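Read off the chains here:
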Amino acid sequence: MNLMLRLAALFYVTFLLFVGVLIILFGLNLMPYSAVRDLFYIIYYDPQVSMTVVGIGAGILVLNFFFWRSLTADSLRDKTIAFDNPSGRVNVSLKALEDLIRREVARVPEVKEVRPSLKAGKNGLVIDARVVLNADVNIPEMTSFLQDRVKSKIHDTMGVEEKVIVHIDVIKIIPGKSKSRRRNEEETEKPRKPNVPFQGYRA
Amino acid sequence: MKEFNKVDLGSVKIHKKVIAEIAYNAIEELDGIRLGKGNFLNGLAELFNVSSGYPGVSIIIDKNNQVIVDVRVSVRYGINIPDAAKQAQDVVRRAIERTVDIDLKDVNVNIQGIEKGES
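Residues numbered from 1 in each chain as written. Chains lettered and ligands numbered in written order. Predicted model: local features only at pLDDT ≥ 70, side-chain atom pairs only at ≥ 80, totals over all residues. Heavy atoms only, no water.

Participant: In this structure, what is going on with the interface of chain B and chain A? I would like to understand it.
Facilitator: Accessible area lost on assembly of the parts is the figure often given for the size of an interface. On the chain A side, the residues contacting the 24 residues of chain B number 21 residues. Interface area lost by chain B to chain A is led by Tyr-77, Ile-81 and Ile-114 of chain B, which between them contribute 33%. For the pair chain B and chain A, the number of links is zero salt bridges. Linking chain B to chain A there are 14 residue pairs in polar contact (both at pLDDT 80 or more). Those elements that place two or more of their residues in the side of chain B that touches chain A are helix 4 (81-99) and strand 4 (104-115) of chain B. Broken down by element, the residue count for the side of chain B that touches chain A peaks at eleven residues, all from strand 4 of chain B. Split into classes, the residues belonging to the side of chain B that touches chain A amount to nine nonpolar, eight polar and seven charged. Here strand 2 (residues 88-93) of chain A runs beside strand 4 of chain B; their pairing, made up of three bridges, is parallel. Note that in strand 4 of chain B the partner of Val-90 of chain A across the bridge is Val-109 of chain B. (Contact = heavy atoms within 4.5 Å. Buried area = accessible area lost by both parts, 1.4 Å probe. Salt bridge = Lys/Arg side-chain N within 4 Å of Asp/Glu carboxyl O. Polar contact = N/O pair within 3.5 Å; in protein donor to acceptor, adjacent residues only side chain to side chain. Helix = DSSP H or I, 4+ residues; strand = E, 2+ residues; numbered from the N terminus. Nonpolar A, V, L, I, M, F, W, Y, C, P; charged D, E, K, R; others polar. Pairing = 2+ DSSP bridges.)

Put into structure tokens, the structure is as follows:
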């Protein structure tokens, strides 16, 4: 969060707090009606005070504008990767690539959940993947495996030689066995019935 | 001399919707590529009769009367995106140039999503 956004947030919190307290006090009759009336009277009829109030209003509007710009800066940033063909331009939405990564990583049985987020910048394509893993996996091995898998998938699918940086954040470990290990154990634990010929045959 | 021999039979106007329909049908025939669904803005545009009527296809005519076709598609999981995009561009360009002899400038492809399917 940059400084401007912090200041705007601080201003809004303070302003809303002030307005909220005033409304409560007025509603509970703790603030005399005459005081409110006098205040509005002064604002309305005193030119200096009314100009000050206009200035404050304009300041709030300007701050509001900056606040809105800061909040929407992320949504306005370029969310596609583009390359040109002889026939025209091809834009690939970063959301499509997020889908691609989600599907690719979901194929790994040890990964319970993945939330990828992509940023395309000067340094190449930066992928932040937040994953939920099963408890019985070796995390360094698994994350390295996922990084390689995501990177190669992006290279294969996009055919770009751009640098791809994959950050993996393990946000949660879920206790329990992974699907593949459970399946292996079930197979080994299952007692094998001997193959008896003429089984169930009744004379 | 040329002007003398010229016979003016009238003008032929091709509506944007016709070009959009050609592009739509060309993309529909491709395997592994599907046209994107229209979003809220497309719905609004259609309501006010501004849209091409084919979700996922937009036709733009620039100042020089050159036509630009914008298609929004999603590709099946496992398909190479540049290849799919190039295929879509070629198919649309061929179909439009074959059917209506217009000055087609660009066919822009926007890949908006990945669909379920086998690689």
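Participant: Got a minute to help me understand the packing of helix 2 (residues 16-28) of chain B against helix 4 of chain B in this structure?
Facilitator: Packed helix pairs are characterised by how far apart their axes lie and by the angle those axes make with each other. Residues and elements named next belong to chain B. In the contact formed by helix 2 and helix 4, the axes pass within 9 Å of each other and the chain directions differ by 135°. Viewed along their axes, helix 2 and helix 4 adopt a mutual orientation that is oblique. Helix-helix and strand crossings are classified by hand; for helix 2 and helix 4 the assignment is right-handed. Contacts from Ile-19, Ile-22, Ala-23, Ala-26 and Ile-27 of helix 2 reach helix 4 at Ala-88, Val-91, Val-92, Ala-95, Ile-96 and Thr-99. Residues of the contact of helix 2 with helix 4, tallied by class, amount to ten nonpolar, one polar and no charged. (Axes fitted to C-alpha atoms, helices over the stretch in contact; angles between N-to-C directions. Parallel < 35°, antiparallel > 145°, perpendicular 65-115°, else oblique. Left-handed = near helix turned anticlockwise from the far one by under 90°.)

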